[in-house]
Amino acid sequence: ERVKIMRLSQGQLNLLEICPRKFQHTYLEQLASPTTPEQQERLQLGSRFHLLMQQREMGLPIEAFIQEDSQLRQLIAAFVEAAPKILSLTDATPLRQSEHQRTLEFEGHLITVVYDLLILTAQQAQILDWKTYPKPQKSKQLAENWQTKLYCFVMAETSHFDPEKISMTYWFFQSKKANQAEPQIRFAYDTAQHQKVRQDLTQLVHQLTQWLDRYQSTGEAFPQIPQTSVCESCGFALRCQRSPEQ
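Residues numbered from 1 in each chain as written. Predicted model: local features only at pLDDT ≥ 70, side-chain atom pairs only at ≥ 80, totals over all residues. Heavy atoms only, no water.

**With respect to the pairing of strand β4 (residues 125-131)**
In terms of burial, β4 is largely enclosed, as six of its seven residues are buried. Where strand β3 (residues 109-120) lies against β4, four bridges are found, and the strand directions are antiparallel. Looking at the pairing, Leu118 lines up with Ile127 of β4. Counted along the chain from β3 to the antiparallel partner β4, the turn is four residues long. (Buried < 20%, exposed > 50% of the residue type's maximum accessible area, 1.4 Å probe, protein only. Helix = DSSP H or I, 4+ residues; strand = E, 2+ residues; numbered from the N terminus. Pairing = 2+ DSSP bridges.)

**Overview of the pattern of salt bridges**
The final tally for this structure, using the stated rule, is six salt bridges. Here Lys131 ties to Asp129 by a salt bridge, and the two come within 3.0 Å at their closest N and O atoms. Summarising the burial analysis for this pair, Lys131 and Asp129 share the class buried. A salt bridge links Arg198 to Glu157; the shortest N-O distance between them is 2.5 Å. (Salt bridge = Lys/Arg side-chain N within 4 Å of Asp/Glu carboxyl O.)

**Section: helix α3 (residues 37-57)**
Every α-helical turn comprises 3.6 residues, leaving residues that sit three or four positions apart pointing alike. For α3, with 21 residues, the first-to-last C-alpha span of 30 Å sits near the 30 Å given by 1.5 Å per residue. Of the residues making up α3, those classed as buried are Leu45, Gly46, Phe49, Leu52, Met53, Gln55 and Glu57. Where α3 ends, the next residue or the one after it, Gly59, has phi of about 85 degrees, a positive value. (Expected span 1.5 Å × (residues − 1).)

**Here we look at the confidence of the model for the chain**
In this model, the chain carries a mean pLDDT of 86, and residues with pLDDT of at least 70 account for 89%. The least confident element of the chain, judged by mean pLDDT, is helix α6 (residues 84-87) at 64; the most confident is helix α8 (residues 146-157) at 98. (pLDDT = per-residue confidence, 0-100.)

**What about the side chain of Gln147?**
If you trace the backbone, Gln147 turns up in helix α8. Its relative accessible area of 5% is what places Gln147 among the buried residues. Not counting residues within four places of it along the chain, the set of residues in contact with Gln147 comprises Gln10, Asn14, Asp129, Lys131, Met168 and Tyr170. (Contact = heavy atoms within 4.5 Å.)

**With respect to the environment of Gly108**
Structurally, Gly108 is set in the loop between β2 (95-106) and β3. Distance from Gly108 to Ile5, taken between C-alpha atoms, is 6.4 Å for residues 103 residues apart in sequence.

**Here we look at unusual backbone geometry**
In this structure, Gln30 is a non-glycine residue whose phi angle is positive, near 55 degrees. By the element assignment, Gln30 lies in the loop between α2 (20-28) and α3. By relative accessible area, Gln30 is classed as exposed at 62%.

**Re the packing of aromatic side chains**
Overall, the coordinates contain nine aromatic pairs when judged by the stated rule. Ring centres of Phe23 and Tyr27 lie 5.2 Å apart, and the angle between their planes is 50 degrees; this geometry places the pair in the tilted category. Of the two residues, Phe23 and Tyr27 both sit in helix α2, four residues apart, roughly one turn of that helix. Ring centres of Tyr115 and Tyr151 lie 5.2 Å apart, and the angle between their planes is 75 degrees; on these two criteria the pair is classed as edge-to-face. (Phe/Tyr/Trp six-rings, centres within 6.5 Å; stacked < 30°, edge-to-face > 60°.)

**A short note on the packing of helix α1 (residues 10-18) against α2**
Helix packing geometry: the angle between the two helix axes and the distance between the axes. Contact geometry of α1 with α2 gives a least axis separation of 5 Å together with a crossing angle of 135 degrees. Our classification of the angle between α1 and α2 gives oblique. Where α1 approaches α2, its residues Gly11, Gln12, Leu15, Leu16 and Ile18 are matched on the opposing element by Pro20, Lys22, Phe23, Thr26 and Tyr27. Of the residues in the contact of α1 with α2, the class split is six nonpolar, three polar and one charged. (Axes fitted to C-alpha atoms, helices over the stretch in contact; angles between N-to-C directions. Parallel < 35°, antiparallel > 145°, perpendicular 65-115°, else oblique. Nonpolar A, V, L, I, M, F, W, Y, C, P; charged D, E, K, R; others polar.)

**A closer look at the layout of surface pockets**
The computed volume of the largest pocket comes to approximately 1,500 Å³. Along the wall of the largest pocket there are 49 residues; nearest its centre are Thr35, Gln39, Arg42, Leu43 and Tyr133. Residue assignment for the lining of the largest pocket shows that the elements contributing at least two residues are α1, α2, α3, β3, β4, α8 and α10 (229-232). Looking at which element gives the most residues to the lining of the largest pocket, the answer is α3, with nine residues. In terms of residue class, the lining of the largest pocket is made up of 18 nonpolar, 20 polar and eleven charged. (1 Å grid on protein atoms, 1.4 Å probe; cavity = no way out; pocket = protein on both sides within 12 Å on 5 of 7 lines; lining within 4 Å. Points joined across faces, edges and corners; volume = space filled by probe spheres on them.)

**Brief notes about the environment of Leu120**
By the element assignment, Leu120 lies in strand β3. Using a relative accessible area of 14% as the deciding quantity, one classes Leu120 as buried. Look past the residues within four positions of Leu120 in its chain and what remains in contact with it is Pro94, Leu95, Ala125 and Phe161.

Below is the structure:
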């Protein structure tokens, strides 16, 4: 029996790399990991913010939604103050696409990305991503995240832009950090990075295919990682027999 084709996102690749067994529980067995009320609130805020940014990019009014939500009002205000050029809808020269999705067939699976905002000119492709949590202290961890690597890689693979013409910028807007200087982190892309991402992605996807094959044919579970402090806060700790003793 042929290994089923999976549609893989940056979130799935990050999880696959961090903990293959959690990937199995989440995406193959469709088991939802419990979230705390605080986590749920952050997710909902991020979702509402992204939706408002999409509506604004389409030229639809958002004032009524902002008035009802003080957190959103603060986030939008911080964004408008920090990124007036990006938010301007008057410049019709670049091609701007909000919530732009691209899919790449890769090593037997489908890689899918969704760009919060894509700005294309004849010379360059700018990928922008909105974050509603505080800007991280170090950008190296973000550079190694599959979102950064995958979003630039897929753009290079599915367009005429050379890697050197592609960039990705994260914009961080969190109500408590509204007045922080330079709320963005920009990553330039190049051919060397592109080749490295291709190598890493090929290795990870091949590993996934092997695990999937064994899981489907014999029921063999995906590997567990050595027990760490991460396991303590994981919703699958009990299932993995990693929960602390009562």
